[in-house]
There are 2 protein chains.
Amino acid sequence: MALPQHVTITEVDPRDGLQNEERIVDTDRKVAFIDALAAAGLRRIEAVSFVNPKWVPQMHDAAALMAALPRRPGVTYIALVPNETGACNALSAGVDELGTVLSATETHNRKNVNRSIDESLAGVEVVARLAAAANTPWDGYISCAFGCPYEGPVPLDAVLSIAERLRGLGTAGISLGDTVGSGNPRQVKETVRAFRRALPGTPLRLHFHDTRGTGLPNVLAALEEGVDRFDGSVGGLGGCPYAPGAAGNVATEDLVYMLEEMGISSGVNLEKLIAVARESEEMVGRALPGRVKQATLIARPSA
Amino acid sequence: MALPQHVTITEVDPRDGLQNEERIVDTDRKVAFIDALAAAGLRRIEAVSFVNPKWVPQMHDAAALMAALPRRPGVTYIALVPNETGACNALSAGVDELGTVLSATETHNRKNVNRSIDESLAGVEVVARLAAAANTPWDGYISCAFGCPYEGPVPLDAVLSIAERLRGLGTAGISLGDTVGSGNPRQVKETVRAFRRALPGTPLRLHFHDTRGTGLPNVLAALEEGVDRFDGSVGGLGGCPYAPGAAGNVATEDLVYMLEEMGISSGVNLEKLIAVARESEEMVGRALPGRVKQATLIARPSA
């Protein structure tokens with residue numbers, strides 16, 4: 001299969017990255033950070049989650065942040081919502097798209113949101129109704145789709161069955177997450193093929209954590225299957241509070257570098273994005289694992 | 001093309017890794033380190049280089065190291081040699097295989113060994129004669145085969161032309177190196193296909209530095225073309241003294257993890273190798289970039 005010519009990246013650092021940080025970043029700084037991501041050319045940004053600040057204090061200012069955020073034309077600002085309350089708040093804040101997440105395994109889902117998968121799907125149904133009423137699209141995210149830190153291997157049928165139920169609820173697309181970064185390229189190809197057979201026409205987005213170095217190889221495997229939607233987290237920030245030891249997402253700047261070198265456009269300006277990755281390090285107060293930002297002393301051979 | 005079922009890894013940390021370190025490691029510690037690599041199941045180890053200690057002081061003890069090293073059956077201990085003197089010393093030390101290196105670009109070759117490519121090839125011819133007389137195989141390494149920090153893009157024809165001349169001199173195999181880690185998967189596939197057309201039957205080994213996160217994606221691309229010989233550096237140690245800012249090789253333990261998860265054997269025991277990766281960090285006194293060794297808090301989903 002021919003590689004896609006263009007890839008759409010969803011930047012998740014402001015939500016999936018910052019939610020794991022102890023340091024609570026000022027709202028103004030988050031706003032400037034998100035706007036810098038948009039200025040670098042990212043067209044889909046998961047900006048916040050509307051969750052209980054008791055559990056995720058880093059997202060306490062979601063409504064204030066959305067109110068302060070300058071909206072750039074053509075940019076989709078996304079909010080993750082866990083339930084009806086979150087969805088109401090997100091829609092009131094005027095987000096462009098919702099994301100709802102549940103896990104492919106009962107154990108991780110219970111650790112993450114203290115519900116069974118069926119209970120989570122019932123919650124998604126409520127979110128879906130609210131989103132439809134507000135004429136706002138939503139994506140269904142399935143975490144631990146490539147492996148679970150508690151249950152180990154995850155049967156592909158379990159993932160597809162949840163995906164089919166999400167489609168039945170009206171999801172605009174499905175995001176499959178390798179939450180602990182245990183997936184491998186062979187598995188990714190099998191998963192993509194099975195997904196396409198089971199849910200033909202449903203847009204597929206992939207979200208790879210890079211715990212064991214397989215993030216970009218998994219992207220490559222998916223590209224070879226024609227997948228053209230990927231999540232990234234600038235700098236490689238991230239993890240999962242309920243997946244101990246999991247590292248961050250694929251660093252967006254490393255993803256953009258690889259795509260560009262392969263002749264695949266993403267609309268992102270790599271130099272600007274590297275500057276934002278460095279700001280991300282400043283913001284959280286530590287070095288982040290993304291590689292390209294450490295490599296700019298070298299002449300860029302293709303330049 | 002079907003993926004290979006087995007991959008042979010050449011471990012280069014003791015040479016390509018340590019040569020870049022300021023700290024000079026004791027001979028005894030290097031010996032124990034190399035033996036631990038062999039005990040972990042690595043069957044090809046680039047143990048030393050026989051070079052002028054004025055330029056590479058870390059390798060000053062190459063002969064003493066080879067004398068002290070316990071030889072495990074079935075393990076090939078390799079020495080990199082830059083010239084006739086190095087080859088004589090390496091053969092006297094009883095190494096199993098020689099490696100000789102030259103660059104695909106005149107500028108990098110001159111920076112690296114202060115010779116033109118033709119002068120380097122004349123030196124290889126002398127090494128080849130000595131190796132043949134000692135009945136010792138040698139591989140020809142071409143560095144900067146995927147990009148040069150001075151000249152930028154490297155024409156594939158230049159790489160293949162050098163490879164053909166090395167084959168004419170009797171090389172057992174060719175190793176193509178992405179010395180600065182600028183290569184991309186599309187380029188790797190094109191290079192492998194062109195190499196196979198130009199040098200059918202010549203064993204091909206690939207050596208990827210991971211400066212920009214493309215190390216394992218490049219391995220995957222090559223696997224898909226049937227390549228089954230890769231270099232790794234445990235922990236991801238390495239760089240190039242004449243490629244400023246270049247990061248280390250693909251971390252061997254990350255390579256082994258990805259291969260294992262894809263069902264490709266390498267004969268290496270991952271748990272033992274992770275222990276050696278941690279020893280590598282102790283040895284050089286700093287954290288190394290390999291990912292898998294940082295991830296073992298997580299239950300291994302496939303276990």
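Residues numbered from 1 in each chain as written. Chains lettered and ligands numbered in written order. Predicted model: local features only at pLDDT ≥ 70, side-chain atom pairs only at ≥ 80, totals over all residues. Heavy atoms only, no water.

Participant: Explain the interface of chain B and chain A to me, using residue names and the numbers behind them.
Facilitator: Counting residues at the interface gives 41 residues for chain B and 41 residues for chain A. Carbon and sulfur atoms make up 61% of the area that chain B and chain A hide from each other, which totals about 3,400 Å². Between chain B and chain A we count four salt bridges in total. For K189(A), the salt bridge identified is with E224(B), shortest N-O distance 3.2 Å. Between chain B and chain A we count 10 residue pairs in polar contact (both at pLDDT 80 or more) in total. The set of elements that each furnish at least two residues to the side of chain B that touches chain A consists of α8 (185-198), α9 (215-224) and α10 (252-261) of chain B. A per-class count over the side of chain B that touches chain A returns 23 nonpolar, 10 polar and eight charged. (Contact = heavy atoms within 4.5 Å. Buried area = accessible area lost by both parts, 1.4 Å probe. Salt bridge = Lys/Arg side-chain N within 4 Å of Asp/Glu carboxyl O. Polar contact = N/O pair within 3.5 Å; in protein donor to acceptor, adjacent residues only side chain to side chain. Helix = DSSP H or I, 4+ residues; strand = E, 2+ residues; numbered from the N terminus. Nonpolar A, V, L, I, M, F, W, Y, C, P; charged D, E, K, R; others polar.)

Participant: Please give an account of the packing of α10(B) against helix α11 (residues 270-284) of chain B that cites residues and values.
Facilitator: Residues and elements named next belong to chain B. Axis separation between α10 and α11 bottoms out at 9 Å; the angle between their running directions is 160°. In terms of axis orientation, α10 runs roughly antiparallel to α11. For the crossing formed where α10 meets α11, the hand is left-handed. Across from T252, E253, V256, Y257 and E260 in α10, the residues of α11 making contact are L270, L273, I274 and A277. (Axes fitted to C-alpha atoms, helices over the stretch in contact; angles between N-to-C directions. Parallel < 35°, antiparallel > 145°, perpendicular 65-115°, else oblique. Left-handed = near helix turned anticlockwise from the far one by under 90°.)

Participant: Which residues make up the relation of the copies chain B and chain A, and what are the values?
Facilitator: Overlay of chain B on chain A (RMSD 0.0 Å): rotation 180°, translation along the axis 0.0 Å. Taken together, the rotation and translation relating the two chain copies correspond to the operation of a two-fold axis. Considering only C-alpha atoms, the part of chain B nearest the rotation axis is P217(B), at 2.2 Å. (Least-squares fit on C-alpha atoms with pLDDT ≥ 70 in both.)

Participant: Pulling in residues and values, what's your account of the nonpolar core?
Facilitator: By size, the foremost hydrophobic cluster in this structure holds 177 residues, and its most contacted members are L206(A) and L206(B). If sequence neighbours within four positions are ignored, L206(B) has contacts with F146(B), L176(B), V188(B), V192(B), A222(B), V227(B), R229(B), F230(B) and D231(B). (Core = buried A, V, L, I, M, F, W, Y, C linked by side-chain atoms within 4.5 Å. Buried < 20%, exposed > 50% of the residue type's maximum accessible area, 1.4 Å probe, protein only.)

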